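Topology and contacts: notes
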Amino acid sequence: MKKALGAGILASFFFAFTFILNRSMHLGGGSWVWSASLRYLFTLPVLAAILAVRGGLGRTLRAIAADPWLWLVWSTVGFGLFYAPLSYGSQYGEAWLTAATWQVTIVAGVLLTPLFGEKLPLRQLGWSGGILVGIFLLQMGSAATLGAENLPRVLLPILLAAVCYPLGNRVLMRRLPASVGTLERVFGMTLCSMPFWLVLSGWGLVTVGPPAAGQMLQAVGVALFSGVAATLLFFWATDQVKKDPRQLALIEATQSGEVVFSLLGGILFLGDPLPEALGAVGLCLIVGGMVGGSLSAARP
């Protein structure tokens, strides 16, 4: 469990690069369409090379061929309907604001538990409720800066992303055979979400033109840090505890670390302002909810 918890926290550090670099790409004039698509277009060959070296590429392709619709549907949900809305919402606020709003995925993960035949982990739900209150305060504290018209543009797409990410991951984690490990699952989901990314890329070419060289370079960073390192760490951690809903809720709660890392990175590298007083209280509730959930999950 300690290794899984450590992997989850380390994954949150690498996931923070998503929010920082997406914000940087937007400030540089890059479109959210390319911020989203390029991450997966660049991630796919890296994962394929790693898997080929480890000798699992053929086995993974056979697993996909055995149930292609399962892979296509839930990969599109777990990766496509997660990252495209998240990239869209990240245009309208600082890196830490997007990262903090994204933490509603912790609540979504807890509420999804009964769909998979497990009892609702009530203690984790209580701490997750505290995280949700923190997100609300953070949004209210940022409302004056964002403007009333931009607040739903941040909140609604990120709410969609926050549900789709744990849903796609959990469905495939439960329904795939044990022979499909973490690396195989991440590669398979990346490959099977390609139709979504190719359609989105085609739309981007028509509507905004090709991406600039600077955006492509930053997208490589997102692909390596978030698409490869963070995703593999996080999926490995959830694999270790997938039979225990309390511990699974805890591992998903480690994503709250993204708030702290994104806040520090945004201030240091992008000149993002600190949150207002109400937002600071919200941030404390979010991080406190993660810590409290961690301690709660450790108790029988």
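Above this text you will find the structure in question.
In this report, we go over the structure that sits alongside the text. (Residues numbered from 1 in each chain as written. Predicted model: local features only at pLDDT ≥ 70, side-chain atom pairs only at ≥ 80, totals over all residues. Heavy atoms only, no water.)

Some points on the overall build of the chain
Convention followed: For the purposes of this entry, the term helix denotes a DSSP run of H or I that reaches at least four residues, the term strand denotes a run of E that reaches at least two, and both are numbered from the N terminus. All radius of gyration figures rest on C-alpha atoms, and the globule criterion is 2.2 Å times the number of residues raised to 0.38. Throughout, a residue-residue contact means that at least one pair of heavy atoms, one from each residue, lies within 4.5 Å. We get accessible surface area from the Shrake-Rupley algorithm with a probe of 1.4 Å; when it comes to residues, only the shown protein chains can shield them. For the charge count, each Lys or Arg is scored as positive and each Asp or Glu as negative, with His and the chain ends excluded. In plain terms, the charge of a residue is placed at NZ if it is Lys, CZ if Arg, CG if Asp and CD if Glu.
When you go through the chain residue by residue, the secondary structure sums to 14 helices and 0 strands. Element order for the chain, N to C, with α for helix and β for strand: α-α-α-α-α-α-α-α-α-α-α-α-α-α. Here the C-alpha radius of gyration of the chain, 18 Å, is about what a compact globule of 300 residues would show, namely 19 Å. A principal-axis box enclosing the C-alpha atoms of the chain has dimensions of 55 × 55 × 30 Å. A sequence separation of at least 24 residues applies to 88% of the contacts in the chain between residues at least 6 apart. On the chain, roughly 12300 Å² of surface is accessible, and the fraction owed to carbon and sulfur atoms is 73%. Computing the positive centroid from 18 side-chain charges and the negative centroid from 11, the chain places the two 11 Å apart.

Describing the packing of helix α2 (residues 32–54) against helix α11 (residues 213–240)
Going by this rule: To obtain an axis, a line is fitted to C-alpha atoms, over the contacting stretch when the element is a helix, and the angle between two such axes runs from 0 to 180 degrees between their N-to-C directions. Any angle from 65 to 115 degrees is called roughly perpendicular, while one under 35 is roughly parallel, one over 145 is roughly antiparallel, and all others are oblique. What makes a crossing left-handed is the near helix being turned counterclockwise from the far one by less than a right angle; a clockwise turn instead makes it right-handed.
Where α2 contacts α11, the two axes come as close as 8 Å, and the packing angle between them is 55°. One way to sum up the angle between α2 and α11 is to call them oblique. For the pair α2 and α11, the sense of crossing is right-handed. Between α2 and α11, the contacting residues are W34, S35, L38, R39, F42, T43, V46, L47 and I50 on the first element and Q215, M216, A219, V220, V222, A223, L224, S226, G227, V228, T231 and L232 on the second.

Some points on the pattern of salt bridges
Stated formally: By convention in these notes, a salt bridge is any Lys or Arg side-chain nitrogen within 4 Å of a carboxyl oxygen on Asp or Glu. With a 1.4 Å probe rolled over the protein chains alone, any residue whose accessible area is under 20% of its type maximum counts as buried; one over 50% counts as exposed, and the rest are partly exposed.
For the structure shown, the criterion picks out 2 salt bridges. For E184, the salt bridge is made with R59, and the minimal N-O distance between the two is 2.8 Å. Residue E184 is located in helix α9 (residues 182–192), and its partner R59 is located in helix α3 (residues 57–66); the two are separated by 125 residues in the primary sequence. You can call E184 buried: its relative accessible area is 10%. When the shortest N-O distance is used, the salt bridge between R185 and D239 registers 3.1 Å. Taken together, the residues R185 in helix α9 and D239 in helix α11 connect sequence positions 54 residues apart. Given a relative accessible area of 2%, R185 falls into the buried group. In this structure D239 comes out as buried when scored by relative accessible area, which is 17%.

Some words on the environment of G58
Note on placement: G58 falls in helix α3. Separated by 125 residues in sequence, G58 and L183 place their C-alpha atoms 13 Å apart.

Here we look at the nonpolar core
Put simply, the rule reads: Only buried residues count toward a nonpolar core, which is a set of Ala, Val, Leu, Ile, Met, Phe, Trp, Tyr and Cys residues joined through side-chain atoms within 4.5 Å.
Counting 74 residues, the largest nonpolar core has F82, Y83, L86, W102, Y165 and W197 as its most contacted members. Top element by residues in this core is helix α8 (residues 151–175). It accounts for 10 residues. Those residues in contact with Y83 that lie beyond four places of it in its chain are T18, N22, S35, A36, R39, Y40, W197 and V222.

Concerning the packing of helix α5 (residues 95–102) against α8
The following threshold applies: Residues are grouped as follows: nonpolar covers Ala, Val, Leu, Ile, Met, Phe, Trp, Tyr, Cys and Pro; charged covers Asp, Glu, Lys and Arg; every other residue, Gly included, is treated as polar.
As a packed pair, α5 and α8 sit with axes 9 Å apart at the nearest point and diverge in direction by 50°. By the criterion of interaxial angle, the relationship of α5 to α8 is oblique. Crossing of α5 over α8 shows right-handed handedness. For the pair formed by α5 and α8, the contact residues are T98, T101 and W102 on the first element and V154, L155, I158, A161, A162 and Y165 on the second. For the contact of α5 with α8, the class distribution of residues is 7 nonpolar, 2 polar and no charged.

Notes on the packing of aromatic side chains
Put simply, the test is: Working definition: rings of Phe, Tyr and Trp (its six-membered ring) pair if their centres are within 6.5 Å, and the pair is stacked with planes under 30 degrees apart, edge-to-face with planes over 60 apart, and tilted otherwise. Only Lys NZ and Arg CZ are tested; either one counts as a charge over a ring when it is within 6 Å of the ring centre and within 35 degrees of the ring normal.
Counted by the stated rule, this structure contains 22 aromatic pairs. Between F13 and F14 the ring centres are 5.3 Å apart and the planes differ by 65°, which places this aromatic pair in the edge-to-face class. Residue classification places F13 among the partly exposed positions, given a relative accessible area of 34%. For F14, a relative accessible area of 18% translates into the label buried. Here Y40 and F79 contribute two aromatic rings whose centre-to-centre distance is 5.2 Å and whose plane-to-plane angle is 40°, an arrangement assigned as tilted. Here F79 lies in helix α4 (residues 68–89) and Y40 lies in helix α2, a separation of 39 residues in the sequence. The exposure class assigned to Y40 is buried, which follows from its relative accessible area of 2%. Residue class for F79 comes out buried when judged on its relative accessible area of 2%. Chaining the aromatic ring pairs together yields one cluster made of F15, Y40, F79, F82, Y83, W102, Y165, F196, W197, F234 and F235. Of note, R39 hangs over the ring of Y83, and the distance from its end group to the ring centre comes to 4.3 Å.

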